[in-house]
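Single-letter residue listing:
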Amino acid sequence: WILFSGVVSTLLGLVVSVFAMREIDVDNNNAVSAFQPHRGSPFSIIREILMTTRFWRFLLFIGLLTGVRLVFRHLDATLPKYLTRTLGCGAP
């Protein structure tokens, strides 16, 4: 049932995102207009993204979160074995 409910909710989200959502652009004066994607070659768009400081701050943040997650995963994997070895079989 869990897999079935996941498939149903994914399909429902797909239908909502395709038919019920639209992309808009809001300027500083709260005027709404249709969103026009940036035109250009993929390499120029990637170069433009790589030159922004906002992207590098985001990448640093993701790297820090990944490091924290690795530490917690390491503790999750090794701490039970360590406690059993040091405190014996009755360790909590």
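Further up the page is the structure itself.
Just so it is clear, the structure is predicted and the values come from calculations on it, not from any experiment.

(A) View of a nonpolar patch on the surface. On the surface, L3, V7, L11, L14, V15, V18 and F19 cluster together to form a nonpolar patch covering roughly 750 Å² of accessible area. On the secondary structure map, V18 appears in helix α1 (residues 2-20).

(B) How the structure looks around the environment of T53. Within the fold, T53 resides in helix α3 (residues 53-87). Since its relative accessible area comes to 59%, T53 is described here as exposed. In this structure the C-alpha to C-alpha distance between T53 and C89, which are 36 residues apart in sequence, comes to 52 Å.

(C) Up close: unusual backbone geometry. With a phi close to 65°, N30 is a non-glycine residue in the positive phi region. On the secondary structure map, N30 appears in the loop between β1 (24-26) and β2 (32-34). N30 gets classed as exposed once you look at its relative accessible area, which sits at 63%.

Basis of the calculations
- Residues numbered from 1 in each chain as written.
- Predicted model: local features only at pLDDT ≥ 70, side-chain atom pairs only at ≥ 80, totals over all residues.
- Heavy atoms only, no water.
- Patch = residues over 30% accessible without salt bridge, like charges linked within 9 Å, V, L, I, M, F, W, Y side chains within 5 Å.
- Areas by Shrake-Rupley, 256 points an atom, 1.4 Å probe, with all protein chains shown as cover.
- Salt bridge = Lys/Arg side-chain N within 4 Å of Asp/Glu carboxyl O.
- Helix = DSSP H or I, 4+ residues; strand = E, 2+ residues; numbered from the N terminus.
- Buried < 20%, exposed > 50% of the residue type's maximum accessible area, 1.4 Å probe, protein only.

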